[in-house]
Amino acid sequence: YRAIFETAEDAIFVHDWDSDRILDVNTKACETYGYTHEELTRLSVADVSSDNPPYTAADALRWIEIAKQGHCPSFEWQRRNKDGSLHWDEVRLKAVSFNGRRHILGFAHDITERRERERALQRSEARLRATVEAAFDCVIGMDAEGRIVEFNAAAERVFGYRREAVLGRPVAEVIVPERRREAHERWIREFPITGSGPMLGRLVESTALTASGEEIPVELAVSVAEAPEGNIFVGHVRDISARRDAETARLALEAQLRQAQKMEAIGQLTGGIAHDFNNILTSVIGY
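Computed from a predicted structure; not experimentally measured.

Caption draft 1: Spatial organisation of the overall build of the protein chain. Helix and strand counts for the protein chain stand at 10 helices and 10 strands. Against the compact-globule benchmark of 19 Å for 287 residues, the protein chain has a radius of gyration of 38 Å, which places it well outside the compact range. Along the longest, intermediate and shortest principal axes, the C-alpha atoms of the protein chain span 150 × 45 × 30 Å. Counting over 287 residues, the protein chain shows a buried share of 35%. Nonlocal contacts in the protein chain, meaning residues at least 24 apart in sequence, comprise 37% of its contacts between residues at least 6 apart. Distance between charge centres in the protein chain, computed from 37 positive and 47 negative side chains, equals 1 Å.

Encoded structure:
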């Protein structure tokens, strides 16, 4: 049993039942924490804890008390090594009896690398979320069944829905006008077979339906991203109502300008004719 104790890949601590004193440790604990066996057995739990709440000596004693009651789930713990560096362990405590005395066994598995990967992933997701939320265009994600899985702030503003209200709903019944729903649903079904579609990778003009039932003109492009659970369709939608209104106003101004130019030309023609006719009349009257 001593050989198993010394060759275990997890750090193992033997704690005194009545105090947090460390009675024995295995080789892995010495390698992981950077102390010798003699140094570790002179320390308490407080000495190897980060002391950053909730990883203080008081928190450790609370976990030990739970273990004494016979039920202690595994938990994550931030430790401080001999060199002062902070690391993460997954810890499980267990009450045992040997040599006629009760002890608390602590098993610590180093998860620092896993925590760093998780933190990096969380930072990446946070950056992606911030980018999507800050986008001026509507970003609407759909799963392979056409259900909404992403709906950013711009989409909330343009379409008048709250994100929580549309997640999980078919996009066809949320923003696709009724006359185009059948074609949209058919494309969702056929995409895995054909791998193409009228909106895929191209910018097209269409119309979309708002929460109030109003149809608005939009520019739309759809891209496809692969995910473990299947394809994710990402719709990039831009409300072009203001641009359409500006174009209409521009055309109206151009029409007014052309009309004014016509009137100016007629005025110049009329003025020229009157001037020539006046010259003739002057000659006649003079004669």
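Continuing now.
Caption draft 2: Focus on the sheet that holds strand E8 (residues 204–209). The strand order E7-E6-E10-E9-E8 describes an open sheet built from 5 strands, whose pairing is antiparallel. A strand with exactly one partner marks an edge of an open sheet, and here the two such strands are strand E7 (148–151) and E8. Strand-to-strand twist across the sheet, computed as the mean angle between neighbouring axes with direction ignored, equals 35 degrees. Pairing of strand E6 (residues 138–142) with E7 involves 3 bridges; the strand directions are antiparallel. In the sheet register, Ile-140 faces E7, and the bridge partner there is Phe-151. The sheet contacts of helix H10 (residues 241–286) involve E8, strand E9 (215–227) and strand E10 (230–239), and relative to E9 the element is tilted by about 140 degrees.

Caption draft 3: Expanded view of the packing of aromatic side chains. Enumeration over the complete set of coordinates arrives at 6 aromatic pairs. Note on Phe-13 and Tyr-33: the rings are 5.2 Å apart at their centroids and 75 degrees apart in plane angle, and the pair reads as edge-to-face. Remark: Tyr-33 occurs in helix H2 (residues 27–33) and Phe-13 occurs in strand E1 (residues 11–16); sequence separation between them is 20 residues. For Phe-13, a relative accessible area of 5% gives the class buried. With a centroid separation of 5.2 Å and 85 degrees between ring planes, the pair formed by Tyr-55 and Trp-88 is classed as edge-to-face.

Caption draft 4: View of the pairing of E10. Two strands pair when backbone bridges link them, and E6 and E10 are joined in this way by 5 bridges, in the antiparallel orientation. Each residue of the ladder has a partner; that of Gly-141, found in E10, is Val-234. Where E9 meets E10, 10 bridges bridge the pair, whose relative direction is antiparallel. Looking at E10, one finds that Ala-227 is bridged to Gly-230. Counting the residues that bridge the hairpin from E9 to E10 gives 2 residues.

Caption draft 5: Focus on the sheet that holds E1. Taken in spatial order, the 5 strands of this open sheet run E2-E1-E5-E4-E3, and their pairing is antiparallel. In this open sheet, the two edge strands, each paired with only one partner strand, are strand E2 (22–25) and strand E3 (75–80). Averaged over neighbouring strand pairs, the angle between their axes works out to 35 degrees when direction is ignored. Its contacts with the sheet place helix H5 (residues 112–134) against E3, strand E4 (86–98) and strand E5 (101–110), and it is angled at close to 135 degrees to E4.

Caption draft 6: Seen up close, the nonpolar core. Grouped together as the largest cluster of nonpolar side chains are 27 residues, with contacts concentrated most on Phe-13, Val-25, Tyr-33, Leu-40, Phe-75, Trp-77 and Leu-93. Looking at this core, the elements with two or more residues in it are E1, E2, H2, helix H4 (57–68), E3, E4 and E5. A per-element tally of this core places H4 first, with 4 residues. Not counting residues within four places of it along the chain, the set of residues in contact with Leu-40 comprises Phe-13, Ile-22, Val-25, Ala-29, Cys-30, Tyr-35 and Val-48. Core analysis: the second largest hydrophobic core is formed by 22 residues, Met-142, Phe-159, Tyr-161 and Val-237 among them.

Caption draft 7: Expanded view of the side chain of Thr-210. On the secondary structure map, Thr-210 appears in the loop between E8 and E9. Of note is the side chain of Thr-210, whose polar atom sits 3.0 Å from the side chain of Ser-212. With near-sequence residues (within four places) excluded, Thr-210 lies in contact with Val-158, Phe-159, Tyr-161 and Ile-216.

How each quantity is defined
- Residues numbered from 1 in each chain as written.
- Predicted model: local features only at pLDDT ≥ 70, side-chain atom pairs only at ≥ 80, totals over all residues.
- Heavy atoms only, no water.
- Helix = DSSP H or I, 4+ residues; strand = E, 2+ residues; numbered from the N terminus.
- Rg over C-alpha atoms; globule rule 2.2 N^0.38 Å.
- Buried < 20%, exposed > 50% of the residue type's maximum accessible area, 1.4 Å probe, protein only.
- Contact = heavy atoms within 4.5 Å.
- Lys, Arg positive; Asp, Glu negative; His and termini not counted.
- Charge placed at Lys NZ, Arg CZ, Asp CG, Glu CD.
- Pairing = 2+ DSSP bridges.
- Axes fitted to C-alpha atoms, helices over the stretch in contact; angles between N-to-C directions.
- Phe/Tyr/Trp six-rings, centres within 6.5 Å; stacked < 30°, edge-to-face > 60°.
- Core = buried A, V, L, I, M, F, W, Y, C linked by side-chain atoms within 4.5 Å.
- Polar contact = N/O pair within 3.5 Å; in protein donor to acceptor, adjacent residues only side chain to side chain.

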